[in-house]
Structure formats: structure tokens, C-alpha cells
Amino acid sequence: MSTTTIAKPASLRGARLPRWTPAVVALGSAAVAVAIGTVAGLDSRIQWGLIAAVLFIVASYAVAVAVEGGRQAKDRLATSLVWVTFLLAVVPLASLVFETVERGSTVFNGYFLTHSMGVVADDEPGGGIYHAILGTLEQVLLASVIAVPIGMLTAIYLVEYGRGKLAKVVTFFVDVMTGIPSIVAGLFVLSFWILILGFDFSGWAGAMALAILMMPVVVRSTEEMLKLVPNELREASLALGIPKWRTILKVVLPTAIGGITTGVMLAVARIAGETAPVLLLVWVNPMINTNPFEGSQASLPLYIYQQYAAGNQAGYDRAWAAALALIGFIMILNLAARGVARWKAPKTGR
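Residues numbered from 1 in each chain as written. Predicted model: local features only at pLDDT ≥ 70, side-chain atom pairs only at ≥ 80, totals over all residues. Heavy atoms only, no water.

**Quick notes on the UniProt feature "domain: ABC transmembrane type-1" (unreviewed entry) in the protein**
At step 1: Under the feature "domain: ABC transmembrane type-1" (unreviewed entry), the UniProt entry names residues 133-337.
At step 2: The span residues 133-337 is 79% helix and 0% strand, and its two end C-alpha atoms sit 20 Å from each other. (UniProt positions renumbered as here; feature names shortened; annotations may be inferred. Helix = DSSP H or I, 4+ residues; strand = E, 2+ residues; numbered from the N terminus.)

What follows is the structure in C-alpha cells.
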């Protein structure tokens, strides 16, 4: 009686590298980069990091070719490039935040947040940023009151109603405004509002320039979010006999409110750090001015510039602390925007 041996089918999967391979290759690349940098006399850690990144990409590809084959090696190469570019983007940002926190925390306290410069000279210790915080909040709020409604209505027109030459002209000018330097917006308001009409320097003048910079960002972000709303929602609403304006108000805008809010916060983050229009139109005021429509004011970007330009240690400390406050202000705005977007987002599920 003969027995027949059935051969097991060959595995369709080839050799695979262990999951810890990228970590080992990264550590090895870092060690070799440190050795090369030490031998070559390279003092910059940035140069060491770039050498390690190149070695990591090359080593990952070579090891993958030897073990997994050329096809899988190409996938490993693409993954390595993604990770390296991600680190190249994150490391400078993390370094900036760390440096700002480290240097800004020296004088960042309750006294610094609740007092103005007053009669404190730029080369003397003490003083605070209360007047600058107040000015920034008022100027950004006024700019938002101007830019957000105009920007949103413009985007609604372009997406829902815009046809023909007028829509093309509006789109063209929005694109042009997106790229204008902030100093140009400041010079425009300076020449028209102050030199021609004869009004004084004020927070309102700075807010108008900031609104010019904010509007194209709001238009573009709102326009893209409205385009993402499915046409089926509009058609279903119109099929029920609901007017178009009510469809936009009750269906389209609530659906896109999350992205619109994020876009508005991006626009606010852009203008909150502008210095040139504020320097031209708001001027400098070390005292507290709660009226943005009369007299010069202060702002955080201008305060940072003024203190750093003073050229002394007390001014440097205040500049770094004000920069830390500005970063915190932008972070709070973004967290608030995320909360509003999640609260107002359409509910899913049954």
C-alpha cells in the first residue's frame, strides 16, 4: 500500500523585517552621525541631525532590499522619507516652543500680566503687558467683526450664487489680497484714514488694516468648506420647497460650521502676530488705553518688537515673556475653535 505525501503550498509572503528594525536603524544612524560629526569637527547639532536623517533613509532602504526585496524596499523608502520630513517640520517648532517657554518664564507671572509699562523705562526691570493684551484683544475683535461677516458672505456668494464675470472678478481680487504684504495694508489705511481723512492714530485704524489681511483667509477657507457640503443635502432641502436662502442658513452653514470656525481661527492667528500695520497706525502707548477709537494703543507684537529693540536684558526678558503670552493666546483661541466646532458639528448616528 503506497502513501502519497501532499506538499504544503509555498508561503505567498516573503521575508519580513522585525517591527523594531526602524528603531534600531534610527539609533544606529544617530550614533554614526555623532561619530562623523565629532571626527569632522562639526559643532552644529543641526548638521548631525541632517547626517543622521540621510543615513537613516539610506540604511532603511539597503536593509529592506537585502531582506524583503526591491518592491517592499520602495515602500520602506517612502515611509522613511515621510518620517524624516515630519521630524524636520516638528523639531524646529518644538525647539521654538521650548526656547520661548524657557526664556519667557523668567518674568512671566501674575504681576507681569496685570500691570502695564506705565512710567517704567525700557532699560529698567518691572512693568507688564496688561496694556498690550488689552490692545491686542480689542484690535483683533474689531478686525474680526469687520472681516468675518464680509468674508463669509463673499464665500457664500461665490459658492451658491456666483456665476459669470462678477464672480471671476471677485475671485481674482481675493487671490490678489491673499498675497499682499501686511505693510501694504497698513500704508493703505494710513494714507486714506489718517492722511486724507485726517483721523488720529488709534486701535480702530489698526483693526481696519488687520481686517484687510483677515478677509481673504476667511473667504478662501469658508469657500472650500462650503464646497465640501454634499449637493444632495441642498437638493433634498430644495425639493421640500424650502427657499434657497433658508437652505443655506439651516443646512449648508451648520454642516460646514466646523471647518469655517477653524478657518476663522487661522485668520485670527495670522493677524494677531502682525507688527507692521500696528506700528504704522496704532503707534506706541505704554499706558492703558481702553478706547480703541481714540488715541494710540499698544499690542503684543509691537510690545515684543519694542522691548527686544531696547537692547538690554530687562527688555529681552519682557519680550520673551510677551511672546509666550502671545503663543498662549493663539493656543486658547484654537482650543476654543475646536470646542465650538465640535459643539456645532452635525450629529451623526441614529
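After that view, the rundown keeps rolling.
**Focus: the side chain of asparagine 285**
At step 1: Positionally, asparagine 285 belongs in the loop between α11 (276-281) and α12 (300-309).
At step 2: Within the structure, the side chain of asparagine 285 is placed 3.0 Å from the backbone oxygen of serine 296, a separation counted as a polar contact.
At step 3: Setting aside residues up to four positions removed in sequence, asparagine 285 forms contacts with His131, Ser296, Gln297 and Ala298. (Polar contact = N/O pair within 3.5 Å; in protein donor to acceptor, adjacent residues only side chain to side chain. Contact = heavy atoms within 4.5 Å.)

**Here's the deal with the environment of tyrosine 130**
At step 1: Looking at the secondary structure, you find tyrosine 130 in helix α5 (residues 130-161).
At step 2: Classification of tyrosine 130 by relative accessible area gives partly exposed; the value is 34%.
At step 3: Taking C-alpha positions, tyrosine 130 is 12 Å from asparagine 109, a pair spaced 21 residues apart along the chain.
At step 4: Contacts of tyrosine 130, omitting those with residues within four sequence positions, involve Phe112, Leu113, Thr114, His115, Ser116 and Ile288. (Buried < 20%, exposed > 50% of the residue type's maximum accessible area, 1.4 Å probe, protein only.)

**A few points about the domain arrangement of the protein**
At step 1: By domain assignment, the protein separates into domain 1 (21-104) and domain 2 (130-344).
At step 2: With centres defined by C-alpha atoms, the gap from domain 1 to domain 2 works out at 38 Å.
At step 3: On the domain 2 side, the residues contacting the 5 residues of domain 1 number 5 residues.
At step 4: In this assembly, domain 1 packs against domain 2 so that about 530 Å² is buried in total across both faces, 79% of it on carbon and sulfur atoms.
At step 5: Interface area lost by domain 1 to domain 2 is led by Thr100, Arg103 and Gly104, which between them contribute 77%.
At step 6: At the boundary of domain 1 and domain 2, one finds 0 salt bridges. (Domains from an automatic or database assignment. Buried area = accessible area lost by both parts, 1.4 Å probe. Salt bridge = Lys/Arg side-chain N within 4 Å of Asp/Glu carboxyl O.)

**Re the UniProt feature "transmembrane region" (unreviewed entry) in the protein**
At step 1: Here, the residues flagged by UniProt with the feature "transmembrane region" (unreviewed entry) are residues 20-40, 46-67, 79-98, 140-159, 171-195, 201-219, 251-273 and 319-337.
At step 2: The span residues 140-159 is 100% helix and 0% strand, and its two end C-alpha atoms sit 27 Å from each other.
At step 3: Span residues 201-219 is 89% helix and 0% strand, its end C-alpha atoms 28 Å apart.

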